[in-house]
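Results of the structural survey
Next come the chains, spelled out residue by residue.
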Amino acid sequence: MAISPRPPALSDVLDAIDAQSSPIFARSTDYPSGWHIEPHAHAKHQLIYAVRGVMVVQAEAGRWVVPPTRAIWMQRGMTHEIRCVGEVHMRSLMVAPKAAPRLMDRTQAVAISPLLRELIRAAMDVPQPYAPGTRDGRLMRLILDELRALPVLPLYLQMPTDPRLLQIAAVLQRRPDDPSTMADWARRLAIDVKTIQRLFIKDTGMTFAQWRQQARLLRALERLAVGEKVIDVALALGYESPSAFAAMFRKHFGQTPSQFFLEA
């Protein structure tokens, strides 16, 4: 059986990105299961997109779980790292800030339309640098137009900053089925329930219950993406039944778990 080549060193990738003068260009890199791309930042915006596999993206702004047909718009200068769940085939777009003054102004998860998916595939074959008035130049300009129209998705978990809340967050990410209530946490941390609720809203914009639910749903995406059964995922995350989990998943994402992972 053929052995996949080792991905290029991160330093080489960053040097190659910096060396490109085109306003927008595409990069293709495949990563083995479990690969960790160490914390880094770059001077260009990046659409982090995988046609295969799931990425867990951790940045200063929070944490995202990104399955195929979805992507992350990463603002330039933001330090981020990526963990690959399963084998990941990444197809990134790098965008110079001057080329996209009206694009998204923050890091966020977005849906990839069928048109943009095909445009990204075509962009992989565009030689660099390209001339603005050519067919290649028009194709890359069309990509910029499509990027402006991408819908934002709720695949994000804002991490708290308060040290007490970080203790709660660490447990819930390590053991998402933990049933502890706010009253339980109030006793352990020697603070009152109202303080916990106030701090969660202040730090994350969510209540304790909303944050725990979001953490569970993002963990569910990781597990479902590698083929785990809905019943196993539901019980592992603390839901009473697969139907309760499926109802919550549909309420949050607008799709059933099986629909969510269908190729657009």
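Everything here concerns the structure above.
Scope of this entry: the structure provided in the associated data block. Because the structure is a prediction, the values reported are computed rather than measured.

Focus on unusual backbone geometry
Omega for the peptide link from Gln128 to Pro129 comes to -5°, which places this bond in the cis form. Relative to the elements of secondary structure, Pro129 occurs in the loop between α2 (114-123) and α3 (135-147). A positive phi is found at Ala190, a non-glycine position, where the angle reads about 60°. Relative to the helices and strands, Ala190 resides in the loop between α5 (182-189) and α6 (193-204). When its relative accessible area of 70% is taken as the criterion, Ala190 is described as exposed.

Thoughts on the pairing of strand β3 (residues 45-59)
Most of β3 is tucked away, with twelve of its 15 residues classed as buried. The pairing of β3 with strand β6 (residues 80-95) spans eleven bridges and is classified as antiparallel. Residue pairing across strands places Ala59 opposite His80, the latter belonging to β6. Judged from the five bridges that link them, β3 and strand β4 (residues 62-66) form a sheet pairing that is antiparallel. When the sheet's bridge partners are listed, Ala59 is paired in β4 with Gly62.

Some thoughts on the side chain of Ser92
Tracing the sequence through the fold places Ser92 in strand β6. Excluding residues within four positions of it along the chain, Ser92 makes contact with Phe25, Ala26, Arg27, Gln46, Leu47, Ile48, Tyr49 and Met124.

So, the environment of Gln197
Relative to the helices and strands, Gln197 resides in helix α6. Taking the C-alpha atoms as reference, Gln197 lies 9.9 Å from Leu165; in sequence the two are 32 residues apart. Setting aside anything within four residues of it in sequence, one finds Gln197 in contact with Met182, Thr207 and Phe208.

Regarding the side chain of Arg91
If you trace the backbone, Arg91 turns up in strand β6. Among the polar contacts made by the side chain of Arg91, one reaches the side chain of Ser28 at a distance of 3.1 Å. In this structure the side chain of Arg91 is engaged in a polar contact, spanning 3.0 Å, whose partner is the side chain of Asp30.

With respect to the nonpolar core
In terms of nonpolar packing, the biggest core is built from 55 residues, with Met55, Ile168, Ile196, Trp211 and Phe245 touching the most fellow members. Counting residues per element, this core draws most heavily on helix α7 (residues 208-225), which supplies eight residues. Once residues lying within four places of it in the same chain are set aside, the contact partners of Ile168 are Trp185, Leu189, Ile196, Phe200 and Phe208.

What counts, and at which threshold
Residues numbered from 1 in each chain as written. Predicted model: local features only at pLDDT ≥ 70, side-chain atom pairs only at ≥ 80, totals over all residues. Heavy atoms only, no water. Helix = DSSP H or I, 4+ residues; strand = E, 2+ residues; numbered from the N terminus. Buried < 20%, exposed > 50% of the residue type's maximum accessible area, 1.4 Å probe, protein only. Pairing = 2+ DSSP bridges. Contact = heavy atoms within 4.5 Å. Polar contact = N/O pair within 3.5 Å; in protein donor to acceptor, adjacent residues only side chain to side chain. Core = buried A, V, L, I, M, F, W, Y, C linked by side-chain atoms within 4.5 Å.

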